[in-house]
Amino acid sequence: MTDLAVPPDHGVVATATAARIAELDATADAWLDDHKPSNTVHAYQQDWAVWRKYCAWAEIPETTNTSGALIGFVLWVGHRPDLAETQPDRQPAAPSTVERRLTGAVVGLRARGCEPSKADRERATKALKAYRRELAEDNVTTGRGKSAPLTVKHLRTICAELPKDTVAGHRD
């Protein structure tokens, strides 16, 4: 009889099969890591740097993965009390920025073997929703606002700059 891969919680997997599955998992993880877009890697590095600043400000270890630390991070990124003296007119951070920073912090914790529990991540997400609601109730706008519309004059300026001697330039 051949070895069958059975989920670990439903029985014992033969040693050779378990080793092969572990090898496949490691290879898949390495492949995914090698094919992660560089802008994603860079963004997560920036998010981890913000997490480190928060941890220094809060005087907690960088590997703290509790709901209190995550919720504190959401509020800290949103309001940045550490910048209150130098930037008194600073607007709160956009909820999308806070969400991305939180995701980057969780990815950084996971990479260091300190992944927060699902319950802790859910509580941090609830805090993010409350932050979003708080900004809406206070009529606080974040970001740059809507961009100006593109006019025919703008389009003509763009078209004048396109190369005329290539297929792509002619097409565009």
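In every chain, residue numbers begin from 1 and rise along the written sequence. Given that the model is predicted, a residue must reach a pLDDT of at least 70 before its local features are reported, and side-chain atom pairs must reach 80 or more before they are shown or counted; all residues, however, enter totals for whole chains, interfaces and linings. Remark: hydrogens and water are excluded; side-chain values derive from all non-hydrogen atoms of the structure.

Draft legend 1. Spatial organisation of the nonpolar core. Residue types Ala, Val, Leu, Ile, Met, Phe, Trp, Tyr and Cys, when buried and joined through side-chain atoms within 4.5 Å, form a set referred to as a nonpolar core. Here's how the labels work: a residue is buried when its accessible area is under 20% of the maximum for its type, exposed when over 50%, partly exposed in between, all with a 1.4 Å probe on protein chains only. In this structure, Trp51, Leu70, Phe73, Val98 and Leu102 are the most contacted members of the largest nonpolar core, which totals 23 residues. Each helix corresponds to a stretch of at least 4 residues labelled H or I by DSSP, and each strand to a stretch of at least 2 residues labelled E; elements are numbered beginning at the N terminus. Put simply, the parts of the chain that give this core at least two residues each are α2 (38-58), α3 (67-79), α4 (95-111) and α5 (118-137). Considering every element that reaches this core, the biggest residue donor is α3, with six residues. Every residue pair with non-hydrogen atoms within 4.5 Å of one another is taken to be in contact. If sequence neighbours within four positions are ignored, Leu102 has contacts with Leu70, Phe73, Val74 and Ala124.

Draft legend 2. Focus on the environment of Ile71. Considering the arrangement of structural elements, one finds Ile71 in helix α3. Residues Ile71 and Lys126, 55 residues apart in the sequence, show an inter-C-alpha distance of 8.7 Å. Contact partners of Ile71, with chain neighbours within four places excluded, come to Arg123, Ala124 and Ala127.

Draft legend 3. Just the packing of α2 against α4, in detail. Following both chains from N to C, one finds α2 and α4 inclined at 90°, their axes separated by 8 Å at the closest point. With respect to each other, α2 and α4 are oriented roughly perpendicular. Counted together, Ala43, Tyr44, Gln46, Asp47, Trp48, Val50 and Trp51 of α2 and Arg100, Arg101, Thr103, Gly104, Ala105, Val107, Gly108 and Leu109 of α4 form the full contact between these two elements. Under the convention adopted here, Pro, Cys and the residues Ala, Val, Leu, Ile, Met, Phe, Trp and Tyr are nonpolar, Asp, Glu, Lys and Arg are charged, and Gly plus all remaining residues are polar. By residue class, the composition of the contact of α2 with α4 is eight nonpolar, four polar and three charged. Interaxial angle, 0 to 180 degrees, is taken between N-to-C directions of lines fitted to C-alpha atoms, where a helix line uses only the stretch in contact. An angle below 35 degrees is read as roughly parallel, one above 145 as roughly antiparallel, one from 65 to 115 as roughly perpendicular, and any other as oblique.

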